[in-house]
Amino acid sequence: MRKKMVMVMILFLCMGISLFAQEVEYTAMDALDMVWLFLGAALVFVMQAGFAMVETGLTRAKNATNIVMKNLMDFCLGAIVYWAIGWGLMYGRDALGGLIGTSDFFKAPMDAGRESALFYRDWFFQVVFAATSATIVSGAMAERTQFKSYLIYTCFISALIYPISGHWIWGGGWLSKLGFHDFAGSTVVHSVGGWAALMGAWVLGPREGKYLKAPGGRVTVKAFPGHNIPLAMLGIFLLWFGWYGFNGASTLSGSDSGIARICVTTTLAASAGTIAALFTSWIWFKKPDASMSMNGALAGLVAITAPCAVVSPGAAVVIGLIGGILVVLAVEFIDKVLKIDDPVGASSVHLVCGIFGTLAVGIWGNGEGMAVGILHGGGFHQLGVQMLGVLSVGAWAAVTSLVLFLVLKAITGLRVSPKEEMMGLDITEHKAEAYTGFQIFSNM
Amino acid sequence: MRKKMVMVMILFLCMGISLFAQEVEYTAMDALDMVWLFLGAALVFVMQAGFAMVETGLTRAKNATNIVMKNLMDFCLGAIVYWAIGWGLMYGRDALGGLIGTSDFFKAPMDAGRESALFYRDWFFQVVFAATSATIVSGAMAERTQFKSYLIYTCFISALIYPISGHWIWGGGWLSKLGFHDFAGSTVVHSVGGWAALMGAWVLGPREGKYLKAPGGRVTVKAFPGHNIPLAMLGIFLLWFGWYGFNGASTLSGSDSGIARICVTTTLAASAGTIAALFTSWIWFKKPDASMSMNGALAGLVAITAPCAVVSPGAAVVIGLIGGILVVLAVEFIDKVLKIDDPVGASSVHLVCGIFGTLAVGIWGNGEGMAVGILHGGGFHQLGVQMLGVLSVGAWAAVTSLVLFLVLKAITGLRVSPKEEMMGLDITEHKAEAYTGFQIFSNM
Amino acid sequence: MRKKMVMVMILFLCMGISLFAQEVEYTAMDALDMVWLFLGAALVFVMQAGFAMVETGLTRAKNATNIVMKNLMDFCLGAIVYWAIGWGLMYGRDALGGLIGTSDFFKAPMDAGRESALFYRDWFFQVVFAATSATIVSGAMAERTQFKSYLIYTCFISALIYPISGHWIWGGGWLSKLGFHDFAGSTVVHSVGGWAALMGAWVLGPREGKYLKAPGGRVTVKAFPGHNIPLAMLGIFLLWFGWYGFNGASTLSGSDSGIARICVTTTLAASAGTIAALFTSWIWFKKPDASMSMNGALAGLVAITAPCAVVSPGAAVVIGLIGGILVVLAVEFIDKVLKIDDPVGASSVHLVCGIFGTLAVGIWGNGEGMAVGILHGGGFHQLGVQMLGVLSVGAWAAVTSLVLFLVLKAITGLRVSPKEEMMGLDITEHKAEAYTGFQIFSNM
């Protein structure tokens, strides 16, 4: 206790040198922020492992290598192009009235000054968010996409699509000036990835055998159960773990006392989302469904991502519950009504709940002087701004990714042949099975 | 950004002022503690993934989905009820002379002050401990428990059983006033979960075919080997990783220099426990057994949890070695002598080693002015207090969980039918296999 | 480094407290360093899980339990002997002119002073590095090594081989005095482990059926594909995650602003390594190979480990690309030309890329006043020193591990019988299958 007091006095004295010095010298608070953002970014990196395990677990064994390879490569290619191009478009000098950044491509300062250190720190924290957005798509396009086409797609989302709408919101662009609030990226990250996922799945078309037309014209929808539920569950836990970095470290400062509430709202919304999806599936399908419950956890997490810093724990529970119900309805709607084949429900989780979470700010938001929603006397202003953001980012992401996939389809075909699909992409694309030695029924 | 500037200015103004200010303003030391406890809690959260992988890996493939679903749901339900009820019983205003907390249910302060931030921080750190206690039970009750009954059970342990005895020790209750020392929860967390695990396995009865009576009356004990040892081993590594947060961050402060010794004693005890269990199994069963070695790691970790801050590295090695031997003996005793079927050895690990670790404080304890054990001249006082804690918490947890399981058995039946058990709970409870496409022999 | 000095000087000037007082009191900066190194070490610990998953995933199902058991036991035995002996040899009082440390065996201070806390902190951070070096070997010796011989080997590397060359570089020994720069251990950790891996695989001989001699004398090289690619990929992500602690926390201080650049160079080199290995395998073998790509990620990580703090992001990309190409060539060379059977490519990853990364410091190094390479006007001096380090540490590690394995071979046989190898080590060494209930073709 005495030691702690000595320490506090030393810190106080140190802090008192002058505010001017603070801005040019790397201070103790900078050091704390560095540790915080570094470890937060490492947690977000773990989400790559989480996505890989969820996506491979919820699809078929014959495509398991292919999916994890896509998850690996979208990070690797994304990191390089986000350094070369993406960062500059997102955080470079603003141009065209808040539409785009235009500097800092291939940025690589070699001095040891504070400015350079903060750039590297911020780049590392941002690249893992860009990679999250990119990797969402692999699940929706699983089990039938050419590997080379996927590699081309992923360069475009990380270099262009994600950074430009990101600039509007986090890079000081036009939406941020209007007061659009997306704390950790329900829109910036998740719905951008979700739109690309939906467009990709739509342009690709469904997996062979997914929608079977009977002679009378009636369509039977076949379910392809995942091949490894424990691995998928591991992925959910890893994603949830990483999400604490995703939401928590989005304070961008280790000395922001708001970190505490964020981790509570994140925990409660994820829990409520899981519970809601479990019971919705239990009532609807008469069984407590595993993949729906897992998507419910993600639904709660995606929904709380935008409002996590400005809502109460009670509101977080409500937001999670709605997210969990919504994801079950969305999976059924996209699968059975739209007849778009999204094997892991990526668009339901990231797009639908990303939109809902963004709007939730305008309803339950209770921040001090910002992001005040309807239920806390803020009127419809914030909700209106949130809707504008949802629509404009949605239009940008949907149109650009649609064009990208249509161009890829015209040039490369985008999709493997029916025979290759039947054999499984592990053999046809990578010439190696995922589970050598195991007896597998590949027709499953 | 604005918050940071405000903080720096506050620090500047407070320079040379009394420490009184420290108590009302959020200081730099608060920020360090926040980062520390937040990341520590995230590490403890990873233990959920660890338990899920260990439990599913050490049981049969036909119940793999069921087990990971229980592990997911006990966290989710536990988090909600611990926010609603559990926290208030554990850390609320003391009543009945240290028996129970009675305030702060559904606590949700909306101001941005220091007090609120510390509450949220502490709640997040505590909820992951509550969830650890709850999830221990799923392994002991694996492969034969109704899913719905498990969901009911888990609400009770997180809302009532765990928080009340937790109040006695960590909430300022009667045991803490007597000087009971349980640094990170050998008793608070592990033996409470371990008692519930043992009672649950006992009330449920053994899995079908576990104890076969031959005509002469002799009972043959069948072993059901786990279906995925690499996954179980992954779970062990994840648990060990998370345990660094469990023990290390239980300093509750990032500026406590004792963190350093804690991570060393934790590492050495876990290592010694693994080695002891390996060689015990090697000598006894003539093979270096994988599941025993894995349980040995957990045994060392559980045993060092109470004394990690007050023992020397050498004592940690001894405590780990004893824990590792003890867990092998306990598994055999519970399985072969008591004939209670605990599929993963949860009660041996968490109850037996939890008790041992709690008593170890009274033997090897060497803290400054507190928790001094027999071997360091403290006499039998500390050991006596530790025994009192073990007995009273044991009585509370054993009786309440026994009553809970007996009531559940009377109302819901608690257990699935023999036919459902034979088919596997993945199909009967969740209507989906864990490993679709793989050839599995479900009679194994 | 300079920034940190400035900060420390400001602390001294502002406080008016003597240097003496700083050294006896545990300061706020100590607290930040503790949190940083503790969490960094926990991240490095996760690499144990990563290695276990990669090694088991890339080998056959019939040896899966055996491999993960080796990965568990080498950490446990290594931790105990590194506490007993290794630390003292590496960081004890220097003797014989920088050749060896000679104090601090079984070190266990029981006071609560700053010195003791820093020792415990440093030991915890170092033990996970020692364990990384040791565990590299299990992959190269997979599928044919006696379990008991492996346990003996691992005690020697952690107690003697690793600490002595470690003393030369990180313990203040002769190489450090010459200016040898190995920031996070391309040589200290990876190439020492890599040499032991290569010697072990060589002394053991290839797996049964690996090199088949046709009547004409022509040798056919058989590939044994890994049995669980998703699990191996999970291991890669966990290793990469842990590497942020490995490289980042090797600053040894949370207030070093260089942390930021390190995480960027680490990310870019790993990404570039993966991409390079993917395309090298795609061009050479006509397929985007999964195991090569995974090894490419590790190649980039190993190569950037030495120079991560002193190179630019652009240089990191180049180093990663070369590492990724190099690992594919090395795997082919060791497998097809040297005909040494290294089942997971451990020697290619850790030895070849460890050497390359060490030399890279002398080429691309651009540190302030230290580690300046050829491309930045440093001439050949640094490269010469790096080469001397590579050669001397290589000679030490190769000769001692060769002698160790030859002695073990003479005493225990080192290797299991051909029949045991055919049946799989899970059954013969541990009397339990890894995947009970699954239909497995063990001849694969």
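Model, not experiment: these values are computed from the prediction.

Conventions and cut-offs
- Residues numbered from 1 in each chain as written.
- Chains lettered and ligands numbered in written order.
- Predicted model: local features only at pLDDT ≥ 70, side-chain atom pairs only at ≥ 80, totals over all residues.
- Least-squares fit on C-alpha atoms with pLDDT ≥ 70 in both.
- Helix = DSSP H or I, 4+ residues; strand = E, 2+ residues; numbered from the N terminus.
- Expected span 1.5 Å × (residues − 1).
- Bend = angle between axes of the 7 residues up to and from the residue.
- Buried ≥ 20, exposed ≤ 12 C-beta atoms within 10 Å, placed from the backbone.
- Contact = placed C-beta atoms within 7 Å.
- Nonpolar A, V, L, I, M, F, W, Y, C, P; charged D, E, K, R; others polar.
- Core = buried A, V, L, I, M, F, W, Y, C linked by C-beta atoms within 7 Å.
- pLDDT = per-residue confidence, 0-100.
- Axes fitted to C-alpha atoms, helices over the stretch in contact; angles between N-to-C directions.
- Parallel < 35°, antiparallel > 145°, perpendicular 65-115°, else oblique.

### Observations concerning the relation of the copies chain A and chain B
Item 1. When chain A is fitted to chain B, the residual RMSD is 0.0 Å, and the transformation amounts to a turn of 120° plus an axial shift of 0.0 Å. Taken together, the rotation and translation describe the operation of a three-fold axis.

### Overview of helix α12 (residues 313-337) of chain C
Item 1. Between its first and last C-alpha atoms α12 of chain C spans 35 Å; for 25 residues at 1.5 Å apiece the expected length is 36 Å, and the two agree.
Item 2. Where α12 of chain C ends, the next residue or the one after it, Lys 339 of chain C, has phi of about 55°, a positive value.

### Some points on helix α9 (residues 229-248) of chain B
Residue and element names in this part refer to chain B.
Item 1. A rise of 1.5 Å per residue sets the reference length of α9, with its 20 residues, at 28 Å; its end C-alpha atoms lie 28 Å apart and thus fit the reference within 8%.
Item 2. By the largest-angle criterion, Gly 242 marks the main kink of α9, which is about 25°.
Item 3. Of all 20 residues in α9, 20 are buried, a share of seventy percent or more.

### Describing the interface of chain A and chain B
Item 1. On the side of chain B, 63 residues touch chain A, which itself brings 66 residues to the contact.
Item 2. For the side of chain A that touches chain B, the elements supplying multiple residues, two or more each, are α1 (2-15), α2 (19-24), α3 (28-57), α9 (229-248), α10 (259-285), α11 (290-305) and α12 (313-337) of chain A.
Item 3. Ranked by the residues each element gives to the side of chain A that touches chain B, the list is headed by α10 of chain A, at 12 residues.
Item 4. For the side of chain A that touches chain B, the per-class residue count stands at 41 nonpolar, 18 polar and 7 charged.

### Looking at the interface of chain C and chain A
Item 1. Each partner contributes residues to the interface: chain C has 65 residues there, and chain A has 60 residues.
Item 2. Elements with a minimum of two residues in the side of chain C that touches chain A: α1 (2-15), α3 (28-57), α9 (229-248), α10 (259-285), α11 (290-305) and α12 of chain C.
Item 3. Residue contributions to the side of chain C that touches chain A peak at 12 residues, all from α10 of chain C.

### Describing the nonpolar core
Item 1. Within the largest apolar cluster, 500 residues are counted, with the highest numbers of intra-cluster contacts made by Val 35 of chain A, Val 35 of chain B together with Val 35 of chain C.
Item 2. Aside from chain neighbours lying at most four places away, what touches Val 35 of chain A is Gly 254 of chain A, Val 35 of chain B together with Leu 32, Val 35, Trp 36 and Gly 254 of chain C.

### Here's the deal with the environment of Ala 299 of chain A
Residues and elements named next belong to chain A.
Item 1. Secondary-structure assignment places Ala 299 in helix α11.
Item 2. Overall, Ala 299 belongs to the buried group, with 39 C-beta atoms counted inside 10 Å.
Item 3. Taking the C-alpha atoms as reference, Ala 299 lies 8.7 Å from Val 352; in sequence the two are 53 residues apart.
Item 4. Beyond its immediate stretch of four places on either side in the chain, Ala 299 contacts Gly 273, Ala 277, Gly 323, Gly 324, Leu 326, Val 327, Val 349 and Cys 353.

### Overview of the confidence of the model for chain A
Item 1. Model confidence for chain A is summarised by a mean pLDDT of 92, while 93% of its residues fall at 70 or above.
Item 2. Note on residues 16-22 of chain A: pLDDT is under 50 here. Beyond four places in sequence and across chains, it has 9 contacts.

### With respect to unusual backbone geometry
Item 1. With a phi angle near 65°, Leu 414 of chain B is a residue other than glycine that sits in the positive phi range.
Item 2. Along the polypeptide, Leu 414 of chain B turns up in the loop between α14 (381-412) and α15 (418-423).
Item 3. What makes Leu 414 of chain B buried here is the crowd of 24 C-beta atoms within 10 Å.
Item 4. A positive phi angle, near 80°, is found at Glu 143 of chain C, a position not held by glycine.
Item 5. By the element assignment, Glu 143 of chain C lies in the loop between α5 (114-140) and α6 (147-169).

### Structural notes on the packing of α9 of chain A against helix α3 (residues 28-57) of chain B
Item 1. The geometry of α9 of chain A relative to α3 of chain B is characterised by a closest axis approach of 10 Å and an angle of 175° between their N-to-C directions. Classified by the angle their axes make, α9 of chain A and α3 of chain B are roughly antiparallel. Note on element contacts: α3 of chain B touches α9 of chain A through Phe 38, Ala 42, Phe 45, Val 46, Gln 48, Ala 49, Ala 52, Met 53 and Thr 56 of chain B, opposite Pro 230, Met 233, Leu 234, Phe 237, Leu 238, Phe 241, Tyr 244 and Gly 248 of chain A.
Item 2. Tallied by class, the residues present in the contact of α9 of chain A with α3 of chain B amount to 14 nonpolar, 3 polar and no charged.

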